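What the coordinates show
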Amino acid sequence: MKRLYYDRDADVGFLKGKTIGVIGYGNQGRAQALNLRDSGLEVIIGVRADETRQQAKSDGFEVFPIREAAEKAQVVMMLIPDEVMPEVFKRQVLPGLSKGNAICFASGYNIAFKLIEPPSGIDVVMVAPRMIGAGVRQRYVEGRGFPSFIGVHQDATGKALKTVLAIAKGIGSTKSGVMLLTFAQEAELDLFTEQAFGPAFGQVLMSAIQTLIDAGYPVEAVMVELILSGEFAYSMQKIVELGFFQQMELHSHTSQYGSMTRSMRFMIPQIAQTMKENLEEIRSGAFAREWEAEQKAGLPLFNQIKELRNQHPIAEWDRKTRKAFRIG
Ligand code: NDP
């Protein structure tokens with residue numbers, strides 16, 4: 001089956017004459033609504049009476065309560081936080097859905113872990129940008145694309161793929177390319193980045209900071225050397241632009257030799273083993289169940305760890321270094 005789709009495979013015109021109801025006007029909601037409107041589509045916004053409602057109005061959109069927007073729209077885009085979505089879906093969106101309409105998610109999470117079970121008779125699709133909301137808008141305005149994972153969970157009309165491709169093109173993603181995955185694959189990849197790659201990288205950074213501070217280097221020098229100069233972020237950007245190994249050519253020979261010969265010492269099998277265990281926890285649904293229970297209990301562990309996090313000395317080292325080098 002074809003997996004990659006580009007501008008030439010998608011037709012925004014397929015959604016002409018239909019109303020797109022964007023539920024939520026935050027990071028993704030605002031960016032996607034503006035892009036879809038600029039692509040010539042009819043967009044209305046569904047939000048509760050709050051701050052983002054004003055923003056949507058001053059951006060020139062017609063704004064409705066969520067239930068009303070879901071009733072008026074033929075394509076409903078769920079762009080509110082994943083953790084509040086099941087409740088909002090059940091109480092305010094579901095009553096407004098009609099047979100033959102479509103619902104589009106920007107993350108596979110709630111469908112993959114069965115926290116939302118949509119009724120039959122509607123198309124259930126996904127356009128999950130690999131880009132923060134501000135980037136979704138900026139890339140569109142600049143005429144550049146960004147990758148997204150798309151999915152079709154339920155194809156009631158037989159036209160769900162056309163719908164999802166039209167949305168992906170409307171928000172500007174097919175310019176770069178979109179890849180067809182299952183909702184579960186999207187959600188699992190996303191959670192793996194958050195729960196394996198991100199934390200492993202964070203621990204490596206913390207170890208490096210601690211090693212150098214324990215060895216007596218000034219805190220500000222350590223922080224600026226490792227992270228706050230932006231040099232590392234710049235190298236990451238060059239990995240994206242040039243390739244993983246090609247970007248190494250931008251570094252000195254001393255740097256390349258030292259890095260290549262020493263990198264083997266950090267091949268620690270325990271890292272991959274822990275990543276595998278974390279992935280299994282995600283795929284089995286154990287994480288989703290744990291997180292649901294934590295929310296129902298009022299977030300005790302979440303708040304406790306956040307409190308500890310804020311007390312970590314790195315917060316003070318970060319502040320001192322920013323002040324010393326006038327960063328931020
Ligand atoms: P946001 O946190 O930016 O969503 C904010 C919007 O949701 C606001 O309009 C807010 O309204 C509304 N909202 C919040 N809580 C509720 C509630 N209980 N009831 C009704 N409305 C509520 O979300 P994101 O844009 O970050 O995420 C939206 C979707 O996009 C998610 O599925 C996410 O996984 C996905 N995604 C997000 C990315 C990102 O960059 N953030 C990247 C790719 C995908 P109010 O002002 O009233 O609070």
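Shown above is the structure to which this text applies.
I will try to describe carefully the structure that is included in this document. (Residues numbered from 1 in each chain as written. Predicted model: local features only at pLDDT ≥ 70, side-chain atom pairs only at ≥ 80, totals over all residues. Heavy atoms only, no water.)

1. Details of the site of the ligand
- For the ligand, the set of nearby residues contains 23 residues, the closest of which are Tyr25, Asn27, Gln28, Thr52 and Asp82.
- Here an oxygen atom of the ligand sits 2.7 Å away from a polar atom, N or O, in the main chain of Tyr25.
- The contact in question runs from an oxygen atom of the ligand to an N or O atom on the side chain of Thr52, over 2.8 Å.
- Alone, the ligand offers 900 Å² of accessible surface; in the complex the protein occludes 78% of this.
- Contributing elements (two or more residues each) for the shell around the ligand: helix 1 (27–38) and helix 4 (85–93).
- Across the shell around the ligand, the residue classes tally to 13 nonpolar, seven polar and three charged. (Near = heavy atom within 4 Å. Polar contact = N/O pair within 3.5 Å; in protein donor to acceptor, adjacent residues only side chain to side chain. Areas by Shrake-Rupley, 256 points an atom, 1.4 Å probe, with all protein chains shown as cover. Helix = DSSP H or I, 4+ residues; strand = E, 2+ residues; numbered from the N terminus. Nonpolar A, V, L, I, M, F, W, Y, C, P; charged D, E, K, R; others polar.)

2. Observations regarding the side chain of Gln32
- Within the element layout of this structure, Gln32 appears in helix 1.
- Every residue in contact with Gln32, bar those within four places of it in the chain, is listed here: Met77, Leu79, Ala106, Pro129, Val136 and Ile171. (Contact = heavy atoms within 4.5 Å.)

3. Description of helix 1
- Here helix 1 contains twelve residues, and its C-alpha end-to-end distance of 17 Å stays within 8% of the 16 Å for a straight helix at 1.5 Å per residue.
- Turning to helix 1, its buried residues are Gln28, Gly29, Ala31, Gln32, Ala33, Leu34, Asn35 and Leu36.
- As for helix 1, its buried residues are in contact with strand 2 (19–23), strand 3 (42–46), strand 5 (75–78), strand 7 (123–129), helix 6 (133–141) and helix 7 (160–170). (Expected span 1.5 Å × (residues − 1). Buried < 20%, exposed > 50% of the residue type's maximum accessible area, 1.4 Å probe, protein only.)

4. Some details on the packing of helix 8 (residues 183–214) against helix 12 (residues 269–283)
- Where helix 8 contacts helix 12, the axes come no closer than 10 Å and their chain directions differ by 150°. Here helix 12 runs roughly antiparallel to helix 8, going by the angle between their axes. Between helix 8 and helix 12 lies a crossing whose hand is right-handed. On helix 12, the residues that touch Glu188, Leu191, Phe192, Gln195, Ala196, Phe197 and Ala200 of helix 8 are Met275, Asn278, Leu279, Ile282 and Arg283.
- The residue makeup of the contact of helix 8 with helix 12, split by class, is eight nonpolar, two polar and two charged. (Axes fitted to C-alpha atoms, helices over the stretch in contact; angles between N-to-C directions. Parallel < 35°, antiparallel > 145°, perpendicular 65-115°, else oblique. Left-handed = near helix turned anticlockwise from the far one by under 90°.)

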